[in-house]
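# Per-entry structural report
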Amino acid sequence: LLLAVCAVGIGGTFQYGYNVSIINAPTQHIHKFLNETWSSRYHKELNPNLLTFLWSVIASIFSLGGLCGALIGGSMAIRLGRKGALLMNNVIAILASILMGISFPTGLFELLIAGRFLIGINSGIGFCVQPLYIGEFAPKHLRGGLAMGTSIFLTGGILTGQIIGLRQEMLFFFPVLELLGGEKHLPLLLSSSCIPAFAQLLFLPWFPESPRYLLIDRGDELSCAKALKRFHGSSEYRREMEDIQRERFALDGEKPKKPWQLFTDRGVRWQLITVIVMTMGQQLSGINAIYFYATYVFEQAGILAEKIPYVTLGTGICECLTALSCGLLIDHVGRRCLIIGGYVLMTLWCTVLTFSLTYQELYSWVPYLSMTCVFAFILSFGLGPGGITNTLTAELFVQSSRPAAHMIAGTMSWISFFTIGMLFPFIVNGLQQYCFVVFLLECFFVAAFIFLIIPETKNKSFLEIKKEFHKLNFGRNA
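The name given to the protein chain in an unreviewed UniProt entry is Solute carrier family 2, facilitated glucose transporter member 5, with the source organism recorded as Myiagra hebetior. Word for word, the UniProt comment on the protein chain under Sequence similarities (unreviewed entry) is "Belongs to the major facilitator superfamily. Sugar transporter (TC 2.A.1.1) family. Glucose transporter subfamily." The protein chain has a UniProt comment under Catalytic activity (unreviewed entry) that states "D-fructose(out) = D-fructose(in)".

## Describing the overall build of the protein chain
Within the protein chain, the regular secondary structure consists of 23 helices and zero strands. The C-alpha radius of gyration computed for the protein chain amounts to 23 Å, which stays within 12% of the reference 23 Å derived for 478 residues, consistent with globular compactness. Considered along the principal axes of its C-alpha atoms, the protein chain spans approximately 65 × 55 × 40 Å. Out of the 478 residues in the protein chain, the part that is buried amounts to 56%. When the accessible surface of the protein chain is totalled, it reaches about 20,500 Å², and 67% of it is carbon and sulfur. Each charge class in the protein chain was averaged separately, 35 positive and 29 negative side chains, and the resulting centres sit 7 Å apart.

## Examining the side chain of Ser97
Tracing the backbone shows Ser97 in helix 5 (residues 82-106). Once you skip the residues sitting within four places of it in the chain, Ser97 turns out to touch Ser191, Ser193 and Cys194.

## Some details on the pattern of salt bridges
Oppositely charged side chains can pair when the atoms bearing their charge come close. Scanning all chains against the criterion turns up 13 salt bridges. With a shortest N-O distance of 3.6 Å, Glu240 and Arg212 are connected by a salt bridge. Of the two residues, Glu240 sits in helix 13 (residues 237-251) while Arg212 sits in helix 11 (residues 211-217), which places them 28 residues apart along the sequence. You can call Glu240 buried: its relative accessible area is 11%. According to the relative accessible area criterion, Arg212 is buried, its value standing at 2%. Of the charged contacts in the structure, one is a salt bridge between Arg212 and Glu247, with a shortest N-O distance of 2.4 Å. Taken together, the residues Arg212 in helix 11 and Glu247 in helix 13 connect sequence positions 35 residues apart.

## Considerations on the domain arrangement of the protein chain
It is common to give the size of an interface as the accessible area lost on bringing the parts into contact. Per the domain assignment, the segments of the protein chain are domain 1 (1-207) and domain 2 (254-477). Distance between the C-alpha centres of domain 1 and domain 2: 22 Å. Each partner contributes to the interface: domain 1 provides 41 residues, whereas domain 2 provides 45 residues. Across the interface of domain 1 and domain 2, roughly 3,700 Å² is buried in total on both sides, 69% from carbon and sulfur atoms. On the domain 1 side of the contact with domain 2, Phe127, Arg143 and Met148 bury the most area, a combined 15% of that side's loss. Counting across the domain 1 and domain 2 interface gives two salt bridges.

## Structural notes on the packing of helix 18 (residues 335-358) against helix 22 (residues 435-453)
It is at 9 Å that the axes of helix 18 and helix 22 come closest, and there the two elements cross at 160°. On the basis of their axis angle, the class for helix 18 and helix 22 is roughly antiparallel. At the point where helix 18 passes helix 22, the crossing takes the left-handed sense. On helix 22, the residues that touch Arg336, Ile339, Ile340, Tyr343, Val344, Met346, Thr347, Cys350, Thr351, Leu353, Thr354 and Leu357 of helix 18 are Phe436, Val437, Phe439, Leu440, Cys443, Phe444, Val446, Ala447, Ile450 and Phe451. Grouping the amino acids of the contact of helix 18 with helix 22 by side-chain chemistry returns 18 nonpolar, three polar and one charged.

## Points about the confidence of the model for the protein chain
When pLDDT is averaged along the protein chain, the result is 83; 92% of the residues meet or exceed 70. Element-level pLDDT for the protein chain is lowest in helix 16 (residues 287-300), with a mean of 70, against a maximum mean of 93 in helix 10 (residues 194-203). Contacts for the low-pLDDT stretch residues 168-179, under 50 throughout, to residues beyond four places or in other chains number 20 contacts.

## Here we look at the environment of Met346
Mapped onto the elements of the fold, Met346 is located in helix 18. As for Met346 and Gly384, which are separated by 38 residues in sequence, their C-alpha atoms are 9.5 Å apart. Not counting residues up to four positions away in its chain, the partners in contact with Met346 are Ser285, Phe377, Ser380, Phe381, Pro385 and Cys443.

## Examining the nonpolar core
In this structure, Ile30, Leu34, Ile58 and Tyr133 are the most contacted members of the largest nonpolar core, which totals 59 residues. The element that contributes the greatest number of residues to this core is helix 6 (residues 109-137), accounting for 14 residues. In contact with Tyr133, other than residues within four places in its own chain, are Val8, Arg82, Lys83, Leu86, Leu204, Phe207, Pro208, Glu209, Ser210 and Phe231. Of all hydrophobic cores here, the second largest spans 56 residues; its members include Leu357, Ile388, Ala409 and Cys435.

## Description of the packing of aromatic side chains
Summed over all chains, the structure comprises 11 aromatic pairs. Taken together, a centroid distance of 4.1 Å and an interplanar angle of 35° make the contact between Phe33 and Phe104 tilted. One end of the pair, Phe33, is in helix 3 (residues 27-42); the other, Phe104, is in helix 5, with 71 residues separating them in the sequence. Ring centres of Phe436 and Phe439 lie 6.2 Å apart, and the angle between their planes is 65°; this geometry places the pair in the edge-to-face category. A residue pair is termed a helical-turn pair when its members lie 3 or 4 positions apart in one helix, as Phe436 and Phe439 do in helix 22 at three residues. Accessibility classification places Phe436 together with Phe439 in one group, the buried group. Ring-pair connections join several aromatic residues into one group, and the members of that group are Tyr16, Phe62, Phe127 and Trp414. A cation over an aromatic ring shows up here: Arg402 above the ring of Phe462, its NZ or CZ 4.1 Å from the ring centre.

Calculation criteria
Residues numbered from 1 in each chain as written. Predicted model: local features only at pLDDT ≥ 70, side-chain atom pairs only at ≥ 80, totals over all residues. Heavy atoms only, no water. UniProt positions renumbered as here; feature names shortened; annotations may be inferred. Helix = DSSP H or I, 4+ residues; strand = E, 2+ residues; numbered from the N terminus. Rg over C-alpha atoms; globule rule 2.2 N^0.38 Å. Buried < 20%, exposed > 50% of the residue type's maximum accessible area, 1.4 Å probe, protein only. Areas by Shrake-Rupley, 256 points an atom, 1.4 Å probe, with all protein chains shown as cover. Lys, Arg positive; Asp, Glu negative; His and termini not counted. Charge placed at Lys NZ, Arg CZ, Asp CG, Glu CD. Contact = heavy atoms within 4.5 Å. Salt bridge = Lys/Arg side-chain N within 4 Å of Asp/Glu carboxyl O. Domains from an automatic or database assignment. Buried area = accessible area lost by both parts, 1.4 Å probe. Axes fitted to C-alpha atoms, helices over the stretch in contact; angles between N-to-C directions. Parallel < 35°, antiparallel > 145°, perpendicular 65-115°, else oblique. Left-handed = near helix turned anticlockwise from the far one by under 90°. Nonpolar A, V, L, I, M, F, W, Y, C, P; charged D, E, K, R; others polar. pLDDT = per-residue confidence, 0-100. Core = buried A, V, L, I, M, F, W, Y, C linked by side-chain atoms within 4.5 Å. Phe/Tyr/Trp six-rings, centres within 6.5 Å; stacked < 30°, edge-to-face > 60°. Lys NZ or Arg CZ within 6 Å of the ring centre and 35° of its normal.

Here is the structure:
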């Protein structure tokens, strides 16, 4: 099971995290490339405003690709199977890597934009299909921990991108390593997304298709039994087989639903509201504000400018470690406790950080309090919303609704990601450190919503979870 999660994650959410972080390091080199390309093509200097626009397109087109990927990911999972969709997704990643890699030697920045769009599609599909696949082959007593592979590989991708993207001249921690952050290695850096894709193409075919997909969607009982034996062992698979049979019987031949059908289905009304609130809450929680203010906070704490990238790297390590910790705790503590606790703690750190940034100059120890809050917020996010959100999305729906639910969750996530990216600079400029008041209110609202609405899903089958929501959707007496 652990090997299956690794085979799925390396080409799934790892790509998402990796490609979010890898573009930040070579910003100056890409600006230089755009200027040189424009000068050689049009024999005049590139207007600074146009340069900013082109860079914004290169950076943000990834989000647009992710949104498109989320919209088609569920349909691919239904038509090709969960495993088949992930394998086909790697073709998009390899094509994107080729386009980004050859954009510099050919002097065509349009290829870089196209490559970023394609790798965004790849990330959107992976972000949609990976938790779907893992949630369906995991036994219910281990489902939470295995589903955390989605967040573990995402944070691992971010951390890997941060490490590889470090500029060579700043390697005072790793002087013997020649990483890819230098200008001469830029084509290799941008085309390195093909490595996880090839790794998944090599390892994932050794694992079977989702047992639930095989039996409920395809009606292939023999293949389902073989897949369960591979995932759960010959002695344990029968219990899981019975659970899938019960779900199949309850669905009574119901076909996979389209996303728009979920909005008119009263039977999943509160599950859908829950997923939308959690997904938007995760993206709008203030984690982007924390990373934006991190450099300023570290400077005020007296950390040398050349060492700040390595302290920032520490935030990536924190997020990765908390994802691992959450994976170990989730099946013991439960989902509700972790996600509510995470949001409550984030509300607390937003409050403290607002005061500490306001009175930064007053006492010498206040900058260190701000720095502590940055790390504490990231730890709280990773332990709660960062990991539990995707796990719950996979658990709240039965087989016929699950792909559509992941498409909706992915779409909301990418729209929120793009929106906060567009609005965040204006929020910070307008409110400055008081922007954290907005985020603390949002965190408190989401924590209250989860406390009042979402039942504990630990060690429950998908049908048992559906029955819990039946009371909300149709009333207590239904």
